[in-house]
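Structural description and commentary
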Amino acid sequence: MTGQQSEGDRKHPVDETLPPFKMFTSGLQHVAAMYAGVVAPPMIVGPACGLSATETAFLMGASLFTAGIATLLQTLGFWKVGAKLPFVNGVSFAGVTPMVAIGKAQSPGNALPVIFGAVIVAGVLGFLVAPYFSKLVRFFPPVVTGTVITLIGVSLLPVAFNWSQGGNDRAPDYGSLTNIGMAALTFLIVLVLRRVLRGFLQQIAILLGLIAGTLIAIPVGITHFSALSQASLVGFPTPFHFGAPQFDIAAIISMCIVMLVCMTESTADMLALGRIVDRPADERTIEGGLRADTLGTAISPLFNGFANSAFAQNIGLVAMTKVRSRFVVATGGLILIVLGLCPVAASVISLVPLPVLGGAGIVLFGSVAASGIQTLASAAMEKGDNALIVAAAVGIGLIPIAAPDFYHHLPKDLLVVLDSGISTGCLVAIVLNLLFNHFGGETADGDAADATTTGDPAAAGHGGPEPSSPPSSVPTDEAGEPAAAPAP
């Protein structure tokens, strides 16, 4: 009885707090992994809206600040807001293309106010539909989520490859031996550290690899300190710094589509993260997570930020380090807020050269794809048409990655969805799963639909250690697979 009580009173790793030093360094590692992804959208949107370099830097600080707020909403939460998982939020790449289009269609003084007005409306709309959107979770069984998680990792790898070459394809040193060599060296350092270190040091191997790569890059000449020397000590993102929001119908429609795309990706990311941390994301968790996404999006324009959604690269970091505490990620959110308020501190993080970040990113993003493959291993691929579902969804999802101009003759509004391999692959997997496993009656071998078609998130594998074979006494479902354990 005493043993059962202590087992029941034990906190789930997601809800555990770590010692302060471990909490800070692990949270800093999350910030290092996502930093480039947070500042990249404003670096693209700012010049498209006619901003100067100083104004663009202000926009980058605002994006860090609002990403921190959104991350705290996700990890700590309140009321029915927040997934309360180690879930990182930041500026979504899905909105970059339509925001650039809006910026080019408006005069320089109106571009950002129109974008911010559209983002506010999209965030409010998403918050209202979150409870209904979350009910779609039963249409995300392992055959769907495994496909989407794999596509997330594969879709992120080109980002790491671009960083490894220098990040700017117009720069004269883009793809130089120096850049690629630094990326390869960082990649090897991370692998060696992960192999030889133990305990906490192994958990922060990515951070140590980034520090080592940055130090080596100084004599090589690709670590630049100009941003640090020009940054001010304090810089609060003044509310509506670029003007009061304006509401344009076309811009609102475009950003509402982006919001739905972000919600689709976040749902898949929450299901993936739930498996990795051994706390499967149920309907209530997804509803809270989507509310945090959309509330963070609605608040962001107040502080000159954009739409927020899940950052898949940090899911790979959780899978690799096995640090599952949501308070670690909340610490990362606090660090992001400090970076947004202190441009000098933000500049210190920005010292990490993109080739160094790219080398570490290959390991990180590859971990996401590996988690997806592990999930697919539990999806009963030999039964029915599950293998066909995966083949079609992965094939369609890879189009924007392998052939970026494939859809260039189609209407621009459709490109918001079609240019995202994650979104298109997810939609194809959902539709085919419905047709083959829900509306198709019995599977090809005559058995009833297995656990992979029921939408039970707990039925899939996760990004942790390889599961051992279940003993014969473990109950099985009607497909002969081990019955899913109840969520902690």
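Residues numbered from 1 in each chain as written. Predicted model: local features only at pLDDT ≥ 70, side-chain atom pairs only at ≥ 80, totals over all residues. Heavy atoms only, no water.

Once that is clear, we can look at the nonpolar core. One finds Leu112, Ile115, Ile206, Met255 and Phe306 to be the most contacted residues of the largest nonpolar core, which totals 107 residues. With 15 residues, helix 11 (residues 249-276) is the single largest residue contributor to this core. Aside from chain neighbours lying at most four places away, what touches Ile206 is Gln29, Val190, Leu317, Met320, Ala360 and Leu364. Ranked by size, the runner-up nonpolar core spans five residues in total, among them Phe65, Leu72, Phe303 and Ile337. (Core = buried A, V, L, I, M, F, W, Y, C linked by side-chain atoms within 4.5 Å. Buried < 20%, exposed > 50% of the residue type's maximum accessible area, 1.4 Å probe, protein only. Helix = DSSP H or I, 4+ residues; strand = E, 2+ residues; numbered from the N terminus. Contact = heavy atoms within 4.5 Å.)

Another aspect to go through is the side chain of Ser164. Here Ser164 shows up in helix 6 (residues 142-165). A polar side-chain atom of Ser164 sits 2.8 Å from the main-chain carbonyl oxygen of Ala160. The contact partners of Ser164, leaving out residues within four places of it in the chain, are Asn179, Ile180, Ala183, Leu354, Pro355, Gly358, Gly359 and Ile362. (Polar contact = N/O pair within 3.5 Å; in protein donor to acceptor, adjacent residues only side chain to side chain.)

Here we take up the pattern of salt bridges. Inspection of the entire model under this criterion finds five salt bridges. As a salt-bridge pair, Arg324 and Asp278 come within 3.0 Å of each other at their nearest N and O atoms. With Arg324 in the loop between helix 13 (312-321) and helix 14 (326-341) and Asp278 in the loop between helix 11 and helix 12 (283-299), the pair connects residues that are 46 residues apart, well separated along the chain. Take Arg324: its relative accessible area is 23%, and that puts it in the partly exposed class. Linking Glu287 and Arg291 is a salt bridge whose minimum nitrogen-to-oxygen distance equals 2.6 Å. Taken as a pair, Glu287 and Arg291 lie in helix 12 at a separation of four residues, close to a single helical turn. (Salt bridge = Lys/Arg side-chain N within 4 Å of Asp/Glu carboxyl O.)

Time to look at the environment of Val39. Tracing the chain through its elements places Val39 in helix 2 (residues 20-48). Taking the C-alpha atoms as reference, Val39 lies 7.9 Å from Gly61; in sequence the two are 22 residues apart. When sequence neighbours within four positions are dropped, the list of residues in contact with Val39 reads Met60 and Leu64.

Here we take up helix 20 (residues 421-438). In this model, helix 20 (18 residues) spans 24 Å end to end at C-alpha, consistent with the 26 Å of a helix rising 1.5 Å per residue. When helix 20 is considered as a whole, its buried residues turn out to be Gly421, Ile422, Ser423, Thr424, Gly425, Cys426, Ala429, Ile430, Leu432, Asn433, Leu434 and Asn437. (Expected span 1.5 Å × (residues − 1).)

This next bit is on the side chain of Arg326. Summarising the element assignment, Arg326 is placed in helix 14. Residue classification places Arg326 among the buried positions, given a relative accessible area of 12%. The residues contacting Arg326, other than those within four sequence positions of it, are Val14, Asp15, Thr75, Leu76, Lys84, Leu85 and Pro86.

What follows deals with unusual backbone geometry. Of note in this structure, Lys84 is not a glycine but carries a positive phi near 55 degrees. Even without being a glycine, Asp278 presents a positive backbone phi close to 60 degrees. Judged by relative accessible area, which is 31%, Asp278 ranks as partly exposed.

This part is about helix 9 (residues 205-220). Under the 1.5 Å per step criterion, the end-to-end length of helix 9 is 22 Å for 16 residues, consistent within 8% with the ideal 22 Å. Considered for burial, the residues of helix 9 that qualify are Ala205, Ile206, Leu207, Gly209, Leu210, Gly213, Thr214 and Ala217. Directly beyond the C-terminal end of helix 9, a positive phi value near 100 degrees is found at Gly221.

Okay, the packing of aromatic side chains next. Tallying each qualifying case throughout the model produces four aromatic pairs. For the ring pair Phe58 and Phe242, a centre distance of 5.9 Å and an interplane angle of 75 degrees mean the geometry is edge-to-face. Residue Phe58 is found in helix 3 (residues 53-75), and its partner Phe242 is found in the loop between helix 10 (226-230) and helix 11; the two are separated by 184 residues along the sequence. On the accessibility criterion, Phe242 (14% relative accessible area) is buried. Judged by centre distance (5.1 Å) and plane angle (85 degrees), the ring pair of Phe406 and Tyr407 falls under edge-to-face. Judged by its relative accessible area of 53%, Phe406 is exposed. Tyr407 gets classed as buried once you look at its relative accessible area, which sits at 11%. Just above the ring of Phe127 sits the side chain of Arg291; from NZ or CZ to the centre is 5.8 Å. (Phe/Tyr/Trp six-rings, centres within 6.5 Å; stacked < 30°, edge-to-face > 60°. Lys NZ or Arg CZ within 6 Å of the ring centre and 35° of its normal.)

A few words now on the environment of Val38. With respect to the secondary-structure elements, Val38 resides in helix 2. What makes Val38 buried here is its relative accessible area of 0%. Sequence-distant contacts of Val38, that is, excluding residues within four places in its chain, are made with Ser63, Leu64, Ala67, Val91 and Phe311.

On to the confidence of the model for the protein. Averaged over all residues, the pLDDT of the protein is 78; the fraction at 70 or higher stands at 83%. Helix 7 (residues 177-196) holds the highest mean pLDDT among the elements of the protein, 92, whereas helix 1 (residues 2-9) holds the lowest, 48. In the predicted structure, residues 1-8 sits below a pLDDT of 50 and forms zero contacts with residues beyond four places in sequence or in another chain. (pLDDT = per-residue confidence, 0-100.)

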